Amino acid sequence: MSAVSPRVSSRLPVFPWDRLEPYKATAAAHPDGIVDLSIGTPVDPVPELIRRALAGAADSPGYPTVWGTAELRDALTGWVERRLGARGVTHRNVLPVVGSKELVAWLPTQLGLGAGDRVAFPRLAYPTYEVGARLCGAEPVPYTDPTELDPAGLKLLWLNSPSNPTGAVLPAAELARIVAWARAHDVLVFSDECYLELGWEAEPVSVLHPDVCGGTHEGVVAVHSLSKRSNLAGYRAAFLAGDAEVLGELLAVRKHGGMMTPAPVQAATVAALGDDTHVREQRERYTARRTALRTALEAHGFRIDHSEASLYLWSTRDEPCWDTVAHLAALGILVAPGDFYGEAGARHVRVALTATDERIEAAVKRLA
Ligand SMILES: Cc1ncc(COP(=O)(O)O)c(C=O)c1O
């Protein structure tokens, strides 16, 4: 008998990206090379002031703390008040995490959820919400409108605005309605806001804005990541802000688990959150790429749905998504099939804006 049985991995879905490999090979055979628009991974440089801060903290021989330095907590509370419009944010209302993916995957476990509990997330969603439910043995529950869910056993409700993969944005009134419902039923709300800085035709609002949460953080936590806004996916820099009691519990658990953000990354995060210029410059790059790709896709016969924000164009030719993936792979362009994000995406593909200007221009030429 093997010493390792797949007791945990067998609870998880098949890793979907493996299914894209043959199409990647087709796209890579294009004489001018692949244009890979499948994964939303930043390609532009890490801004100089952030690199300087990282390097300046390179001499960090001691253990960092899970709660972060006082400077980091000041930077987090300051940003949350300034950028999200939240009020009354103290150090107890913030907690650094090691990139947001680990948090999404392990949050239900760290909250002590398990068999008999339910974790809800959007019907079309980033797959890690479901993974998190499965890791702890809770029941994953996809929703269209969370307020239509049966609240029995529902312990955690994920929101994601702007959405991956659709780019849809929930207006403040809609967020407020959902938060009120969740509070009335004692359901904890975690709002994944990692694309909040990337609104194009809509202004994304945080759950921590007083128009949504009514000025108290009770039962709500926002999840923020620097991966997209500051090209820091390689640094693993993210944080939580909201309900102090929930964050205090997570801090206690995560301290025992050693979930520490490296000290140089903490210093880099302070620099990144103190600067808006690089965020504006990065937005300008994505705006130009988005306009070029959108125009080319529409001229090629695509319809773009939602996509008011985020790093994606949620695109369809009104055919099964794998046919679209094959069609674009033959042109040397790789995109993500919509069914990676739920059955409701079976007729869409997700086209990422995260490629260099040169590669986006190549895609535009191929679509002409
Ligand atoms: C909706 C959503 N949440 C969380 C993440 C994880 O981001 P990170 O782990 O880089 O903070 C992603 C990454 O693509 C995402 O799309």
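None of the values given here were measured: they were computed from a predicted structure.

Engineer: Describe in detail the domain arrangement of the protein chain, supporting the description with residues and values.
Structural biologist: In terms of domains, the protein chain is made up of domain 1 (10-45 + 278-367) and domain 2 (48-273). Relative placement of domain 1 and domain 2: their C-alpha centres are 26 Å apart. Residue-level contacts link 30 residues of domain 1 with 29 residues of domain 2. Of all elements in the fold, only α11 (277-299) and β10 (312-316) reach the threshold of two or more residues within the side of domain 1 that touches domain 2. Here the side of domain 1 that touches domain 2 takes seven residues from α11, the largest share from any one element.

Engineer: Please give an account of the UniProt feature "domain: Aminotransferase class I/classII large" (unreviewed entry) in the protein chain that cites residues and values.
Structural biologist: If you check UniProt for "domain: Aminotransferase class I/classII large" (unreviewed entry), the listed places come out as residues 34-367 in our numbering. Between the C-alpha atoms that bound residues 34-367 the distance is 13 Å, and the span itself is 40% helix and 16% strand.

Engineer: Explain the sheet that holds strand β12 (residues 336-337) to me, using residue names and the numbers behind them.
Structural biologist: The strand order across the open sheet formed by four strands is β9-β10-β13-β12, and the pairing between neighbours is antiparallel. Looking along the sheet, the strands with just one partner apiece sit at the ends: β9 (303-305) and β12. In terms of strand pairing, β9 meets β10 through three bridges, oriented antiparallel. Its bridge partner lying in β10, R303 is registered against T316. Helix-sheet contacts for α11 involve β9, β10 and β13 (349-352), and the interaxial angle to β10 is about 5°.

Engineer: For the site of the ligand, give the residues involved together with the corresponding values.
Structural biologist: Not every one of the 14 residues close to the ligand is listed here, only the nearest: G99, S100, K101, S225 and S227. Top element by residues in the shell around the ligand is helix α4 (residues 100-110). It accounts for three residues. Here the shell around the ligand is built from residues that sort into five nonpolar, seven polar and two charged.

Engineer: Outline helix α5 (residues 128-136), listing residues and values.
Structural biologist: Among all positions of α5, only T128, Y129, E130, G132, A133 and C136 are buried. G137 occupies a position one or two residues after α5 and carries a positive phi of about 85°.

Engineer: An account of the environment of A152 is requested, with residue identities and associated values reported.
Structural biologist: You can see A152 is positioned in the loop between β4 (139-143) and β5 (154-160). Sequence spacing of A152 and D117 is 35 residues, and the spatial spacing of their C-alpha atoms is 8.7 Å.

Engineer: A description of α4 should follow, citing residues and the corresponding values.
Structural biologist: By the burial criterion, the buried members of α4 are S100, L103, V104, A105, W106, L107 and P108. One or two steps after α4, the chain reaches G112, where phi turns positive at roughly 80°.

Reading the values: rules and limits
Residues numbered from 1 in each chain as written. Predicted model: local features only at pLDDT ≥ 70, side-chain atom pairs only at ≥ 80, totals over all residues. Domains from an automatic or database assignment. Contact = placed C-beta atoms within 7 Å. Helix = DSSP H or I, 4+ residues; strand = E, 2+ residues; numbered from the N terminus. UniProt positions renumbered as here; feature names shortened; annotations may be inferred. Pairing = 2+ DSSP bridges. Axes fitted to C-alpha atoms, helices over the stretch in contact; angles between N-to-C directions. Near = placed C-beta within 6 Å. Nonpolar A, V, L, I, M, F, W, Y, C, P; charged D, E, K, R; others polar. Buried ≥ 20, exposed ≤ 12 C-beta atoms within 10 Å, placed from the backbone.

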